[in-house]
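Architecture at a glance
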Amino acid sequence: MNLEIPKKYKGIQNFATIAAKTIFRPVSRKYDVGEHEYPVELDLFAAGLNGMNDGSEGSLGGAATKREDVSDGQVRNGANMANCINIQAMCYGDVGLLLSIPGQGLGNSAISAVANPEQLKRFSKSWAAMAITEPNCGSDSSAITTSARKEGDFYVLNGEKIYVTSGERANAVVVWATLDKAIGKAAIKSFVVEKGTPGMEVVRLEKKMGIRASDTAAIVFTECKVPAENLLGSPDIDIKKGFGGVMETFDNTRPFVASMANGVAEAALERTKQLLEDKINLDYRTPINNVKSVEADLYRLEAEYEAARLLTLKAAWMADNRKPNSLDASICKAKAGRITNQLTLKCVDLCSSLGYSYKELIEKWARDSKILDIFEGTQQIQQLIIARRLLNKSSSELK
Amino acid sequence: MAQKENKSKKETKYPLAAYFEYYNQFLDSSIGKALNLRKISERFVYEGTKNGIKISNAASKVFKGSGNGKAVRLDPGTNSDLFDLSYNEDQLMIQQTIEQFAVKMRNAAEKIDDAFSINEELWNDFNELQLSFLQVPESLGGIMKDKSTVTQMMMVETLAHGDLGQALAFFTRHSVLNAIINWGTDIQQTDLVPEFLQEQPVMASIAINEPTPLFSPYELSTTAEKEGTEYILNGKKNMVPLGETCSYFLVAGKTKNNTNQLFIVNKESKGLTVTLERSMGLNAAQLCELNFENVKVHETAILGGNDGINYNEFINYCKLGWCALAVGCCQAVLDYVIPYANDRFAFGEPISHRQAVAFMIADIKIELESMRILTQRAVSKAEQGLDFEKEVYLAHLLCSEKGMQIGSNGIQLLGGHGFIRDFPVERWYRDLRAVSIAVNGLHL
């Protein structure tokens, strides 16, 4: 048993940490204040990444991790773990900027999870955003109303999508739409809509509390004609398989989002300790009841952060070893999301008016962190998933 | 893990597993026999046992004789560089066997809690597991080469899944054995270790806690003053498991130059009184108070000899034990509330259909896994011989606070039933309260 970061990933970790410190941090406040400005610093960075990705087993930035075949029975550490380590290190720099790295959208994950070989090749150079949420449906993604109507060699999309990360900057959007609302979940399919397709219009960029470096778009589809070969996966409606296929993507990506939270938590905790340096003495020995209140707070925050970090690595390790990890993916997302939010808020509190001010990034991290307990499945959705699994309940029993 | 003799022709990666496989051809494979170490013990019981130290009624143990001057230590466990959370074949087999025993513990737990003691039959069953051999180095009569902190964590966790109080009682002796192997001088090892490998092994217990508010193991009131060739101990210890049945104790005391050390103190020493002290929980472990009034121990009875030991690290190994205990017990809580919430009807449906209930159970799982993974990290670092002070501190903090929360929510989920002693959750609540407090008794 060993829970240390394997040596072979120290390189990735170091590289990403350096990038976080030298590329992300210096412009972190700039794009927080300048919401909707394009972070040009990332273009050069992304170009470098793509070069590296061609030869490495994991993709930097967090997109596109296909499950590799593991049949020899040997324990292995693979792409999922590498991604988690990498994402955490970069989000230690800035989570908004990580989400804005060209070519690393959540849509890319979806494409790599369900696309056929021809599609994989055709979209390999795409920067794909993900469009699921609608004005009237968030967590309940089976309730979407955006429709896709077959017309000859095309599907015609109609509807409105909101909260599309990088929806304007990306050059493609993976859109969830239903072939027949009456059939329910099984009729929901995903379509790659390339930028510039007539009938697709970015109508708004949201103004947000945090992760302002990352653009969040609202997109309206009006009689938008998409080539039939852009439908990802099978066009047939398989009632039995239902929703499972599309939801699988989330098992893979939850540990990545947990890693984002872990990066923010790491940054906030480190900076807070630096600022408090001459006011605390952490000996990791004195019983918690016998230390200063601020020290007890810091111990608790660190313990929670370490738990979230290790649970995330565990979920990734399971994925790399092809152990079913749906439960553990939700556990790490739930833990990392909630503790990062609590942790960053506490850090502002401990640093008093200094922590509250733009002089430090701590207040920004406290704003950024809130979304991490919401997107890719809210805290409550994760709790539902975990509870249903433990209690062996269906979604109609445990609502 | 290593073995002494391997008659099995089948070479596997896990020699101990092959060994058991070999024996299983001859032993019936009923419950509890999978890991029958009796045969091994018959072969390897250290011959010196008979001539070894007698438990005397003398004022103090004196460790003299001609050791070669070098204590035996287990090597740090070897690990590949991979991140890996799996147990190996040996560990899985040991776990399976202890799980079967833990079922007996669970079934007997209510009676034992009421009786404030573990019955003889269960003690005999436990002793038959002969876990000591899985702790002791080859040269001292066991079968080990490398440290097996992970295996021991798994043992304690699995026992505590049966019952926390009993697990503490059962592992009390093995903890002292660990302490002697980890810290004893060569003479202390050759004198004391064989007593653990006998058919009726010796009982001994670690005593660190003192009955004072805001107790810290680093600020002891118990003093050990040197006088000639002796130390004079004064002070009070409490929460000591199985105090009445022990032959000796490892007692933490502060010496004149303000360093803390452990002293090997005979129970029959003059000036030492042992009193049963009923407490909130841990009834199975028969907690005792020890009162030291000018108790004399020979200077050779300081654990680790003149140089003493790294006391901080000693405490950290104790904490690891309590973490594992908390994890096992909280797993028991989770395993209990799941079927309960599914079977209990209110307002026309199982209470598990309500988010207020279901989310509490989800949170128990999330925090339990948090406790477990921090414990695993600390333990795996300890086994590899790496510094684990930070890790065990954080693990212990989480196990203390989340563990208590889980214990409390276990009762809450059962409502009024939870408060009634027909149901085990109130016992777990009482037992889990000890985790943040106790250093005593356990040592991985």
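On a predicted model such as this, the values are computed, not experimentally measured, just so you know.

Things to note about the overall build of chain A
Helices and strands together make up the secondary structure of chain A, namely 12 helices and 8 strands. Here the C-alpha atoms of chain A give a radius of gyration of 21 Å, agreeing with the 21 Å that 2.2 N^0.38 yields for 399 residues. Looking at the 399 residues of chain A, the share that counts as buried comes to 50%. For chain A, long-range pairs separated by at least 24 residues make up 75% of all intrachain contacts whose partners lie at least 6 apart in sequence.

Section: the overall build of chain B
Helix and strand counts for chain B stand at 12 helices and 9 strands. Here the analysis covers contacts within chain B between residues at least 6 apart in sequence; of these, 76% occur between residues at least 24 apart.

Comments concerning the domain arrangement of chain B
All names here are of chain B. Partitioning chain B into domains gives domain 1 (15-69 + 85-196), domain 2 (204-301) and domain 3 (311-432). With 21 residues of domain 1 at the contact, the number on the domain 3 side is 21 residues. Broken down by secondary-structure element, the contributors of at least two residues to the side of domain 1 that touches domain 3 are α3 (89-115), α5 (149-162) and α6 (164-183). For the side of domain 1 that touches domain 3, the element with the highest residue contribution is α5, accounting for 9 residues. In terms of residue class, the side of domain 1 that touches domain 3 is built from 12 nonpolar, 6 polar and 3 charged.

Description of the interface of chain B and chain A
Tallying the contact residues gives 36 residues for chain B and 37 residues for chain A. Elements supplying a minimum of two residues to the side of chain B that touches chain A: α8 (311-343), α9 (355-383) and α10 (389-414) of chain B. Per-element tally for the side of chain B that touches chain A: the top contributor is α9 of chain B, with 13 residues. When grouped by side-chain class, the residues that make up the side of chain B that touches chain A number 19 nonpolar, 10 polar and 7 charged.

Digging into unusual backbone geometry
A positive phi angle, near 60°, is found at Ser-166 of chain A, a position not held by glycine. One can find Ser-166 of chain A in the loop between β3 (154-165) and β4 (172-178). For Ser-166 of chain A, a count of 24 C-beta atoms within 10 Å corresponds to the buried category. We note that Leu-242 of chain B has phi near 55°; this positive angle belongs to a residue other than glycine. Within the secondary structure, Leu-242 of chain B sits in the loop between β3 (230-240) and β4 (248-255). Looking at Leu-242 of chain B, the number of C-beta atoms within 10 Å reads 22, which means it is buried.

Observations regarding the domain arrangement of chain A
Residue and element names in this part refer to chain A. Taken domain by domain, chain A consists of domain 1 (7-111), domain 2 (127-232) and domain 3 (244-391). Of the residues lining the interface, 28 residues belong to domain 1; the matching set on domain 3 comes to 24 residues. Here the element with the most residues in the side of domain 1 that touches domain 3 is helix α3 (residues 79-93); it accounts for 11 residues. Here the residues of the side of domain 1 that touches domain 3 sort into 14 nonpolar, 10 polar and 4 charged.

As for the pairing of strand β1 (residues 204-207) of chain B
A regular strand carries its side chains on alternate faces of the sheet. Residue and element names in this part refer to chain B. Here β1 shows a buried face lined by Ala-204 and Ile-206 and a second buried face lined by Ser-205 and Ala-207. Judged from the 4 bridges that link them, β1 and β4 form a sheet pairing that is parallel. When the sheet's bridge partners are listed, Ala-207 is paired in β4 with Val-251.

What about the confidence of the model for chain A?
Mean pLDDT over chain A works out to 91, with 92% of the residues at or above the 70 mark. This model gives residues 54-65 of chain A a pLDDT under 50, and the stretch forms 34 contacts once residues within four places in sequence are excluded.

So, the nonpolar core
Counting 206 residues, the largest nonpolar core has Phe-263, Leu-325 and Ala-326 of chain B as its most contacted members. Ranked by the residues each element gives to this core, the list is headed by α8 of chain B, at 19 residues. Contact partners of Leu-325 of chain B, with chain neighbours within four places excluded, come to Val-156, Ala-160, Leu-164, Ala-167, Leu-168, Val-435 and Leu-442 of chain B. One finds Leu-157, Ala-177, Phe-191 and Ala-218 of chain A within the second-largest nonpolar core, a separate group that totals 38 residues.

Things to note about the confidence of the model for chain B
Residue and element names in this part refer to chain B. Overall, the prediction assigns chain B a mean pLDDT of 88, with 86% of residues at 70 or greater. Note on residues 18-59: pLDDT is under 50 here. Beyond four places in sequence and across chains, it has 63 contacts. Among the prediction metrics, the complex's ipTM stands at 0.93, with pTM recorded as 0.91.

As for helix α9 (residues 326-350) of chain A
Residues and elements named next belong to chain A. When the terminal C-alpha atoms of α9 are compared, their 36 Å separation across 25 residues agrees well with the 36 Å that a helix rising 1.5 Å per residue should span. Within α9, 20 of the 25 residues are buried, leaving the element largely enclosed by the surrounding structure. Ser-352, located one to two residues past α9, shows a positive phi value of around 55°.

A look at the packing of α5 of chain B against α6 of chain B
Any two packed helices are characterised by the angle at which their axes cross and by the distance between the axes. Residue and element names in this part refer to chain B. Packing of α5 against α6 leaves a shortest axis separation of 6 Å and a crossing angle of 140°. With respect to α6, the axis of α5 lies oblique. Of the two elements, α5 crosses α6, and the hand of that crossing is right-handed. Two secondary-structure elements touch here, α5 through Val-156, Leu-159, Ala-160 and Gly-162 and α6 through Leu-164, Gln-166, Ala-167, Phe-170 and Phe-171. For the contact of α5 with α6, the per-class residue count stands at 7 nonpolar, 2 polar and no charged.

Reading the values: rules and limits
- Residues numbered from 1 in each chain as written.
- Chains lettered and ligands numbered in written order.
- Predicted model: local features only at pLDDT ≥ 70, side-chain atom pairs only at ≥ 80, totals over all residues.
- Helix = DSSP H or I, 4+ residues; strand = E, 2+ residues; numbered from the N terminus.
- Rg over C-alpha atoms; globule rule 2.2 N^0.38 Å.
- Buried ≥ 20, exposed ≤ 12 C-beta atoms within 10 Å, placed from the backbone.
- Contact = placed C-beta atoms within 7 Å.
- Domains from an automatic or database assignment.
- Nonpolar A, V, L, I, M, F, W, Y, C, P; charged D, E, K, R; others polar.
- Pairing = 2+ DSSP bridges.
- pLDDT = per-residue confidence, 0-100.
- Core = buried A, V, L, I, M, F, W, Y, C linked by C-beta atoms within 7 Å.
- Expected span 1.5 Å × (residues − 1).
- Axes fitted to C-alpha atoms, helices over the stretch in contact; angles between N-to-C directions.
- Parallel < 35°, antiparallel > 145°, perpendicular 65-115°, else oblique.
- Left-handed = near helix turned anticlockwise from the far one by under 90°.

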